[in-house]
Amino acid sequence: MANTFHVAVYVKDIPQAVEQYRKMLGIEPAKVRHDYAKFELADPPVILSLNVGGEPGKLSHLGIRYGSTGEVASEMARVKHHDVPLFQQDGTTCCYAKADKFWVQDADGIPWEMYTLLADVEAETAADENLRTFLGQASPAAGATPGAPSAGCCAPREMAKA
């Protein structure tokens, strides 16, 4: 058996979380207990991004990178079919990449970015206010110092709800 990256997250309610992950991932859990559930995805491999702007050691977001815009569109249609709220971004530039993507949140509010990479770019882009609204995050503070480090376009939840 090949090595597989493992991510563990705390949830408030196992049945509610399992139901949301079934919808988001399109698969059934491999194991469910009263205090535990496990999903095993055969594909994709994991991409680890390191971002500044949030509290070190905390989760910013999770996600899946797909091979094409068509695959993202198919997943988005599947998620929409299950009435999961989502936020779509076509051709957006964020985190030094141009991508077609959509965002969803699990039952406990963890943001998930579902995307395909269109091109690498040299510049970071300012935060998308519509995405911040969808994720329930506060906007950057008014009057922030020009040139100061920003939270980026995928700001972590720790910046939310000022």
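Bear in mind the structure is a predicted one, so any value in this text is a computation, not a measurement.

(A) Representation of the pattern of salt bridges in the model. Under the counting rule described, the total for this entry stands at five salt bridges. The shortest N-O distance in the salt bridge between E28 and R22 comes to 2.8 Å. Taking relative accessible area as the criterion, E28 reaches 54% and is therefore assigned exposed. R22 sits in the partly exposed class, given a relative accessible area of 30%. For E75, the salt bridge is made with R78, and the minimal N-O distance between the two is 2.6 Å. Residue E75 and its partner R78 are located together in helix α2 (residues 69–81), separated by three residues, close to a single helical turn. Connected via shared salt-bridge partners are E19, R22 and E28.

(B) Region of interest: the pairing of strand β4 (residues 87–94). Sheet analysis places β4 next to strand β5 (residues 97–105), joined by six bridges and oriented antiparallel. Bridging from a neighbouring strand, C94 pairs with A97 of β5. Hairpin connection between β4 and β5: a loop of two residues separates the two successive antiparallel strands, and C95 in this loop has a positive phi of roughly 55 degrees.

(C) Highlighting the sheet that holds strand β6 (residues 111–120). Read across the open sheet, the four strands follow the order β3-β6-β5-β4; overall the sheet is mixed. One side of each edge strand has no neighbouring strand; the edge strands of this open sheet are β3 (62–65) and β4. Geometrically, the sheet is characterised by an average inter-axis angle of 30 degrees between neighbouring strands, direction not taken into account. For β3 and β6, the ladder comprises four bridges, and the chain directions are parallel. Within the sheet, the bridge partner assigned to R65 lies in β6 and is Y115. Helix α1 (residues 14–25) rests against β3, β5 and β6 of the sheet, and its axis sits at about 20 degrees to β6.

(D) Quick look at the side chain of Q89. As for its placement among the helices and strands, Q89 is situated in strand β4. For Q89, a relative accessible area of 6% puts it in the buried group. A polar side-chain atom of Q89 sits 2.9 Å from a polar atom in the side chain of W103. Sequence-distant contacts of Q89, defined by excluding residues within four places in its chain, comprise A99, D100, K101, W103, D128 and L131.

(E) The arrangement of the nonpolar core in detail. One finds F102, V104, W112 and M114 to be the most contacted residues of the largest nonpolar core, which totals 19 residues. Broken down by element, this core gets its largest block of residues, five residues, from α1. In this structure W112 touches Y21, M24, L25, L62, G63, I64, F102, W103, V104 and D106, once residues within four positions along its chain are discounted.

(F) Main features of the packing of α1 against α2. In the contact formed by α1 and α2, the axes pass within 8 Å of each other and the chain directions differ by 145 degrees. Between α1, through R22, K23, M24 and L25, and α2, the contact on the second element is made entirely by E75, R78 and V79. Split by residue class, the contact of α1 with α2 holds three nonpolar, no polar and four charged.

What counts and what doesn't
Residues numbered from 1 in each chain as written. Predicted model: local features only at pLDDT ≥ 70, side-chain atom pairs only at ≥ 80, totals over all residues. Heavy atoms only, no water. Salt bridge = Lys/Arg side-chain N within 4 Å of Asp/Glu carboxyl O. Buried < 20%, exposed > 50% of the residue type's maximum accessible area, 1.4 Å probe, protein only. Helix = DSSP H or I, 4+ residues; strand = E, 2+ residues; numbered from the N terminus. Pairing = 2+ DSSP bridges. Axes fitted to C-alpha atoms, helices over the stretch in contact; angles between N-to-C directions. Contact = heavy atoms within 4.5 Å. Polar contact = N/O pair within 3.5 Å; in protein donor to acceptor, adjacent residues only side chain to side chain. Core = buried A, V, L, I, M, F, W, Y, C linked by side-chain atoms within 4.5 Å. Nonpolar A, V, L, I, M, F, W, Y, C, P; charged D, E, K, R; others polar.

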